[in-house]
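Read off the chains here:
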Amino acid sequence: MVHGGGLGSSGGRKGWGGVFDPVAEGMSVDERAAVQQRRLRELVGRLLAVGGVQAERLRAAGVEAGAAVTLADLAELPTTSKLDLWDHYPFGMLAVPREHVVAVHGSSGTGGRPTLVAYTRGDLELWAAMCARALAAAGTTPGSIVHNAYGYGLFTGGLGIHQGAIALGATVVPVSGGFTQRQLTLLRDLRPDILTCTPSYAVYLGEALRAAGMDRDGISLRAGVFGAEPWTDGLRAQLEELLPVKAVDIYGLSEVIGPGVACECIEAQSGLHVNEDHFLVETLDIDTGRPTAPGVPGELTFTTPTKQALPLLRYRTGDVASLDPGPCACGRTLVRMSKVTGRVDDMLVVRGVNVYPSEVEAVLLAHPGVAPHYLVVVDRRTPATRLLVVCEVDGETRTAGAQTADALADALLQRLGLHAEVVIVPPGTVPRTEVGKARRRVDWTGGEPPLAGLS
Ligand SMILES: [Zn+2]
């Protein structure tokens, strides 16, 4: 047994109406707290024994033994962040001998150094089980065909979902990103029921299906598991219109394990169940660093007690969301996190007001006729910073023209408390992303406009 009670084998589903691990996902809050406390103690003991930066911080905080720690003490323990991973790049934070590492993944970092994460064989099994839970929550069954259009490589999306589908006993099609014509052929011929990719690529794929005359009725998809970039309920409605799917959100980041940290259930489509028996979750107030109450947004922070190669204590993700411990229609007792509403470090400050691009998206997509293609341009060429919101609308709405722009500007003012200039451009103007994540914001500090037609 590698991960302790509750995980079980990763060899297949164990019943209870589409739930991958009924024991772990359905246990009472008290039972889970007992599991969490035991695992947290083991983690603290292990970190102290291994030494290194996390041990130093624990000792500086007065923690000398794992057994001394209770779950209630979590908020007093030291935190970690991406900076620690960069400072100890590539293998300085390993908690196992290097030769126990069987795989590495990572994300592109700024300044050339990737954020590198190491996995033991046990970590890969844990990750597969977490992704299997997520896929099952989206309605994937052992007979399903999963069209996996997340990129394969250092990025965790492709291989994480891949291993999860196998653990669940589904058939995975490792199509990866790009080569859209080939994707259309495989969607037609293999008749997958589950689509997994970024939401921006799902839009791209949906539009390509339409352009190819492959309408909704000819496509066998039932559910889409969309993640790796924040998206809104407005985009959910558009995705479900564009593709014959129920769209669910999946959340994860390589530092914590990859996709499968949390996922929405198809029954409720309302918040992402966090696999909190393996990823202890907190939301921290951005200014004070103290945990926020349920429902109050804060920085998502995870502790990974069962990871072996790179266990992290209170890893601050930079993602902002809130937690909902209330019951869910699906029967899972795992706490739900809201969709990620922004990034602590992607937050734009425009004339002293905090703006998250996802809030702009929520306003735009609530307006009928607005397409899910937009760009937030912060014009910093003069000290009087301007916020430009460039978006596309459909043909009918376009005839309404200035009226739409005014209505959107009003709605943005209501939501953001900030005046934005809305620029409506012809369909196809905002750059599409075929691979990877959509670029939603641009800082315009001088030179040519970032998009033709702006001034
Ligand atoms: Zn649920």
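Just so it is clear, the structure is predicted and the values come from calculations on it, not from any experiment.

A. The overall build of the protein, seen in detail. Scanning the protein for helices and strands turns up twelve helices and 21 strands. By principal-axis analysis of the C-alpha atoms, the protein measures approximately 65 × 55 × 40 Å. Residues counted as buried form 54% of the 455 residues belonging to the protein. Across the protein, the fraction of contacts at a sequence separation of at least 24, relative to all contacts at a separation of at least 6, is 65%. Surface accessibility of the protein: about 18,200 Å² in total, with carbon and sulfur atoms responsible for 54%. Averaging the positions of the 41 positive and the 49 negative side-chain charges in the protein gives two centres separated by 3 Å.

B. Main features of the coordination of the zinc ion. Cys265 (SG), His273 (NE2), Cys328 (SG) and Cys330 (SG) make up the full set of protein donors to the zinc ion, lying at 2.1 to 2.3 Å. Around the zinc ion sit four donor atoms, and with donor-metal-donor angles ranging over 98 to 118° the site reads as tetrahedral. Read in sequence order, the donor residues for the zinc ion give the motif C-x7-H-x54-C-x1-C. Of this pair, Cys265 sits in the loop between strand E8 (258–264) and strand E9 (272–274) while Cys330 sits in the loop between strand E13 (323–324) and strand E14 (336–337); the two residues are 65 residues apart in sequence, bridging distant segments of the chain. As far as burial versus exposure is concerned, Cys265 and Cys330 are alike and both buried.

C. Seen up close, a nonpolar patch on the surface. Together, Phe91, Val104 and Leu154 make up an exposed nonpolar region whose accessible area comes to about 230 Å². The exposure class of Val104 is partly exposed, given its relative accessible area of 33%.

D. Broad picture of the nonpolar core. Grouped together as the largest cluster of nonpolar side chains are 53 residues, with contacts concentrated most on Val225, Tyr251, Leu300, Phe302 and Met337. Here the element with the most residues in this core is helix H5 (residues 121–137); it accounts for ten residues. Setting aside residues no more than four positions away along its own chain, Tyr251 makes contact with Gly258, Pro259, Gly260, Val261, Ala262, Leu272, Leu300, Phe302, Thr317, Asp319, Met337 and Val340. Formed by 47 residues, the second largest nonpolar core is a distinct cluster that contains Cys197, Leu235, Leu416 and Ala420.

E. Summary view of the sheet that holds E8. Spatially, nine strands are ordered E4-E3-E5-E6-E7-E8-E9-E14-E13 in an open sheet, and the strand pairing comes out mixed. Each having just a single partner strand, strand E4 (171–173) and E13 make up the two edges of the open sheet. Strand direction decides the pairing type here: strand E3 (residues 145–148) and strand E5 (residues 194–197), joined by three bridges, are parallel. Among the inter-strand pairings, His147 is bridged to a residue of E5, identified as Leu195. Packed on one face of the sheet, helix H8 (residues 199–211) meets E5 and strand E6 (223–227) and runs near 125° to E5.

F. How the structure looks around helix H9 (residues 233–242). Here H9 has its buried residues at Leu235, Arg236, Gln238, Leu239 and Leu242. Each buried residue of H9 sits inside an arc of 170° when the element is viewed along its axis, so together they form one side. In this structure, H9 carries Asp233 and Glu241 as exposed residues pointing more than 90 degrees from its buried face. Elements that come into contact with the buried residues of H9 comprise H8, E6, strand E7 (246–253), E8, helix H10 (357–365) and strand E18 (370–379).

G. Looking closely at the state of the cysteines. Following the criterion strictly, the structure yields zero disulfides and no others. The thiol sulfur of Cys131 is not disulfide-bonded, and the nearest other cysteine sulfur, from Cys263, lies at 9.1 Å. Overall, the relative accessible area of 0% leaves Cys131 in the buried class.

H. Region of interest: the pattern of salt bridges. Within the structure shown, the criterion is met by 25 salt bridges. A salt bridge links Glu42 to Arg38; the shortest N-O distance between them is 3.8 Å. Here Glu42 pairs with Arg38, and both are found in helix H2 (residues 29–50), just four residues apart, close to one helical turn. Across the salt bridge formed by Arg59 and Glu64, the nearest N and O atoms sit 3.7 Å from each other. Take Arg59: its relative accessible area is 40%, and that puts it in the partly exposed class. In this structure, a network of salt bridges that share partners links the residues Asp21, Glu25, Arg133, Asp277 and Arg332.

I. Representation of the layout of surface pockets in the model. Empty space within the second largest pocket amounts to approximately 590 Å³. In this structure, the second largest pocket is lined by 22 residues; those nearest its centre are Gln36, Glu276, Val281, Leu323 and Val335. At the level of secondary structure, the elements contributing two or more residues to the lining of the second largest pocket comprise H2 and strand E10 (280–284). Looking at side-chain class alone, the lining of the second largest pocket contains 13 nonpolar, five polar and four charged residues.

J. Here's a closer look at the packing of aromatic side chains. Enumeration according to the criterion identifies four aromatic pairs in this entry. Aromatic side chains Phe226 and Trp231 sit 6.1 Å apart centroid to centroid with 75° between the ring planes, which places their arrangement in the edge-to-face category. Overall, the relative accessible area of 1% leaves Trp231 in the buried class. Residue placement shows Lys339 over the ring face of Trp231; its charged tip is 3.2 Å from the ring centre. Over the aromatic face of Trp444 sits the side chain of Arg381, whose NZ or CZ is 3.6 Å from the ring centroid.

What counts as what
Residues numbered from 1 in each chain as written. Predicted model: local features only at pLDDT ≥ 70, side-chain atom pairs only at ≥ 80, totals over all residues. Heavy atoms only, no water. Helix = DSSP H or I, 4+ residues; strand = E, 2+ residues; numbered from the N terminus. Buried < 20%, exposed > 50% of the residue type's maximum accessible area, 1.4 Å probe, protein only. Contact = heavy atoms within 4.5 Å. Areas by Shrake-Rupley, 256 points an atom, 1.4 Å probe, with all protein chains shown as cover. Lys, Arg positive; Asp, Glu negative; His and termini not counted. Charge placed at Lys NZ, Arg CZ, Asp CG, Glu CD. Donors = N, O, S within 2.8 Å, 3.2 Å for Na, K, Ca; no water. Tetrahedral: all angles 85-135°; square planar, octahedral: opposite > 155°, others 65-115°. Patch = residues over 30% accessible without salt bridge, like charges linked within 9 Å, V, L, I, M, F, W, Y side chains within 5 Å. Salt bridge = Lys/Arg side-chain N within 4 Å of Asp/Glu carboxyl O. Core = buried A, V, L, I, M, F, W, Y, C linked by side-chain atoms within 4.5 Å. Pairing = 2+ DSSP bridges. Axes fitted to C-alpha atoms, helices over the stretch in contact; angles between N-to-C directions. Arc of directions from axis to C-beta. Disulfide = S-S within 2.5 Å. 1 Å grid on protein atoms, 1.4 Å probe; cavity = no way out; pocket = protein on both sides within 12 Å on 5 of 7 lines; lining within 4 Å. Points joined across faces, edges and corners; volume = space filled by probe spheres on them. Nonpolar A, V, L, I, M, F, W, Y, C, P; charged D, E, K, R; others polar. Phe/Tyr/Trp six-rings, centres within 6.5 Å; stacked < 30°, edge-to-face > 60°. Lys NZ or Arg CZ within 6 Å of the ring centre and 35° of its normal.

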